[in-house]
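Now for the letters of each chain:
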Amino acid sequence: MTITGLFPDMETPLSLRLLRDMLFIRKVEEGIADRYPTGEMRCPTHLSIGQEAAAVALCVALEEKDLAVSTHRAHAHYLAKGGSLPAMLAEIYGRVTGCCRGRGGSMHLIDKSVGFLGSTAIVGNSVPIGTGLALSLQVKKSRQIAAIFFGDGCVEEGSFYESANFAVVRKLPALFVCENNLYSVYSPLSVRQPDGRKIHKMVEGLGMTSATVDGNDVEAAYAASQVAITHIRGGKGPFFLELSTYRWREHCGPNFDNDTGYRTEAEFLGWKSRDPIELYQQRLLKHGVIDANGLRALCAQLDIEVLAAFQFAESSPFPDQAEAFSDEYA
Amino acid sequence: MNMLERTRPDTSRKTTFAKAINECLHQSMVADADVIVYGLGVTDPKAIFGTTDGLEARFGKERVFDIPTAENAMTGVGIGAAIQGLRPVMVHQRLDFFLLAMDQLVNAAAKWRFMFGGQSSVPITIRLIMGRGWGQGPTHSQNLQAWFAHIPGLKVVMPASAEDAKGLLAGSIADNNPVLFLEHRWLHNLQGSVPEELYKTPLGEARMAREGDDVSIVAMSYMTVEAVRAADFLSGLGIYCDVLDLRSIRPLDWPSVFASVSRTGRLLALDTGHTTGSVAGEIVARVSTNCWDKLKCAPRRIAMPDFPEATSPALTRGYHPRAEHITEAVAQMLGQTIDTRPLIAGRNFPHDVPGDWFNGPF
């Protein structure tokens, strides 16, 4: 199914939450990009700029107790799920106050207090694990669900098919969330998947209920997420949601890289003109949900929060060297 | 090492290694409602050589289930389930198929606790059945414990007796870490004294299967059986060996290995895997480093040849190390020559099976 449309009657607090969360993530990611050249964040870092709407729509539609796992590009999912920003930044800075005490870096985020149970760095690695979370929820007769975030490259991995198949066989409470940003590192879909393939259609062929939605339209994405979550909580089995979106900056790192030739500046500008945050701000302004002053105040408040988190990270101590040799076993 | 034998109410009951595993699974599932058992064939008529017999009927399809043919993802499913409160036991009828799951094992299960700052652990037990002989050939006979033992965060358990099959499996299931439980197919019919109640044998404590001051034979899994045969034969000739059954190779009971070699001054390390990069090689290295001044002769090892195992019985005839090779090595270390023909003559079944009970095909 394809889910589209405007939802002008969306409740005001919910609209503002969607906007706030997207702005928050954007400011964090731009803050990382600005500071990355100082060399204090010494780990591979994959920014979510341009893809905020998908993460926010999904996570706002989920309940806090629901579980989530993600990939190397996890900042937006972690933050949208409610993960601690200071702990995330401190982790990227390699500090002991980080969410993994400096063991994991940008690609390994965890905040169990909000059900974000981990992001992992190998493509397709966290998909079976998220499926296993769903199995545990089913065995324990919980009404929670497990959301599994991944990209279009992941659906080329065997682990994806294996997991999707099992989820369908066992009717697991799993939400498969595919952010299709058209590229796997620098490899376009054209060299990875056949012409004309619709990923959600392919997954439908595996027997999973599937839908696609504009991943840059946060309200449409939210509505689609609700459809998916209602389906899963109703005991109807897993759901696959494909959200089309676009990564603005390089695969890994803080820069723009359209000049390197793997994609065109025109393609980038086309997507940038559909910036999910700008689109939504305009919509809310137009409908009077927020005015220019309110927007300025919101941004100022977020700037303070983000700055404080960077200051926390930068002023946090590094872990003691002995921590390199602990926690091998429980 | 557990030098003090545990007091047991009853050690007189005999059962097989395979039945001991089955009993352990039944009792572990009764004791802990979070234990689930799954894997290709666990509910089929053969029930993984009988080891999963009766589980589905007793505990239901939610907790005991057959799976899609998807080794990698199904390992990850177990990891996720373990993170979220279950205690899965996954079963593979052949270790070789588990090679499809290396990403989940190495990048997820082994790393999870360390990588996330000690916040989560992965209490999964993965039973891997491996073997040798009877035409298992290049891709159905591999003993890859050295691969697994190389990975920080994993535990690798290799029982050699029926009693340990039960106790170590219970210990593995109760352990809060990912444990690879490697069962040698040639041990499944081995009889032993197995207490009826559920008991947990600690992981990482070696077992002294035979005692003697002349040579330390360090073994694991099926090679312990061959080592005991050799040691018993040698004792009839007045040569006495320690046979140290490692039981677990990660963690490995180094204090017991060093104590034994320090006493005998001679090390013969055995391995069911290929020679290069073997656990036996690691044992030789560490003993050489730690016990150099105690050694009376160069340490030795006997492992599988550095060739894949062939299928034809004609090609495996000279391939597998057995008690006679162990005996010869011990004799050489003592500067003696021993006629092993009586030892070989005592084995009245073909070279590529563990005993008369084994008729294939698995």
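Because the structure is predicted, anything quoted here is derived from the model rather than measured.

About the cut-offs
- Residues numbered from 1 in each chain as written.
- Chains lettered and ligands numbered in written order.
- Predicted model: local features only at pLDDT ≥ 70, side-chain atom pairs only at ≥ 80, totals over all residues.
- Helix = DSSP H or I, 4+ residues; strand = E, 2+ residues; numbered from the N terminus.
- Rg over C-alpha atoms; globule rule 2.2 N^0.38 Å.
- Buried ≥ 20, exposed ≤ 12 C-beta atoms within 10 Å, placed from the backbone.
- Contact = placed C-beta atoms within 7 Å.
- Domains from an automatic or database assignment.
- Nonpolar A, V, L, I, M, F, W, Y, C, P; charged D, E, K, R; others polar.
- Pairing = 2+ DSSP bridges.
- Axes fitted to C-alpha atoms, helices over the stretch in contact; angles between N-to-C directions.
- Left-handed = near helix turned anticlockwise from the far one by under 90°.
- pLDDT = per-residue confidence, 0-100.

Undergrad: An account of the overall build of chain B is needed here, citing residue identities and associated values.
TA: When helices and strands are tallied, chain B shows 13 helices and 14 strands. Radius of gyration (C-alpha) of chain B: 20 Å, near the 21 Å computed for a compact globule of 362 residues. With respect to the three principal axes, the spread of C-alpha positions in chain B is 60 × 45 × 45 Å. In chain B, which comprises 362 residues, the share counted as buried stands at 56%. For chain B, the share of sequence-separated contacts (at least 6 apart) that also reach a separation of at least 24 residues comes to 80%.

Undergrad: Explain the domain arrangement of chain B residue by residue, including any values.
TA: Residue and element names in this part refer to chain B. Entries for chain B in the domain assignment read domain 1 (14-193) and domain 2 (207-345). For domain 1 versus domain 2, the separation of C-alpha centres amounts to 27 Å. Tallying the contact residues gives 25 residues for domain 1 and 24 residues for domain 2. Elements with a contribution of two residues or more to the side of domain 1 that touches domain 2: α6 (145-149), β6 (155-157), α7 (162-174) and β7 (179-184). When the residues that make up the side of domain 1 that touches domain 2 are grouped by side-chain class, the tally is 14 nonpolar, eight polar and three charged.

Undergrad: Pulling in residues and values, what's your account of the sheet that holds strand β5 (residues 125-130) of chain B?
TA: All names here are of chain B. Pairing is mixed across the open sheet formed by seven strands, whose spatial order is β3-β2-β4-β5-β7-β6-β12. The open sheet has two edge strands with one neighbour each: β3 (64-65) and β12 (248-250). Where strand β4 (residues 87-92) meets β5, four bridges bridge the pair, whose relative direction is parallel. Its bridge partner being in β5, V89 is matched across the sheet by T125.

Undergrad: Which residues make up the packing of helix α9 (residues 254-264) of chain B against helix α10 (residues 279-290) of chain B, and what are the values?
TA: For any two helices packed against each other, one specifies the inter-axial angle together with the distance between the axes. All names here are of chain B. Direction vectors running N to C along α9 and α10 enclose 60 degrees, while the axes themselves pass 11 Å from each other. By crossing handedness, the relation of α9 to α10 is classed as right-handed. Where α9 abuts α10, its residues W254, V257, F258 and V261 lie against I283, R286, V287 and N290.

Undergrad: Run through unusual backbone geometry, naming residues and quoting values.
TA: In most cases, non-glycine residues show a negative phi, while peptide bonds are predominantly trans. Residues and elements named next belong to chain B. Of note, the bond from R250 into P251 is cis; its omega dihedral lies within 30 degrees of zero at 5 degrees. Residue position: P251 is located in the loop between β12 and α9. With a phi angle near 50 degrees, A47 is a residue other than glycine that sits in the positive phi range. With respect to the element layout, A47 can be found in the loop between β2 (35-39) and α2 (55-59). A count of 17 C-beta atoms within 10 Å places A47 in the partly exposed class.

Undergrad: If you had to explain the confidence of the model for chain A to someone new, which residues and values would you point to?
TA: The predicted model of chain A has a mean per-residue pLDDT of 95, with 97% of residues at 70 or higher. Every residue in residues 4-8 of chain A is under pLDDT 50, and counting partners more than four places away or in other chains gives seven contacts.

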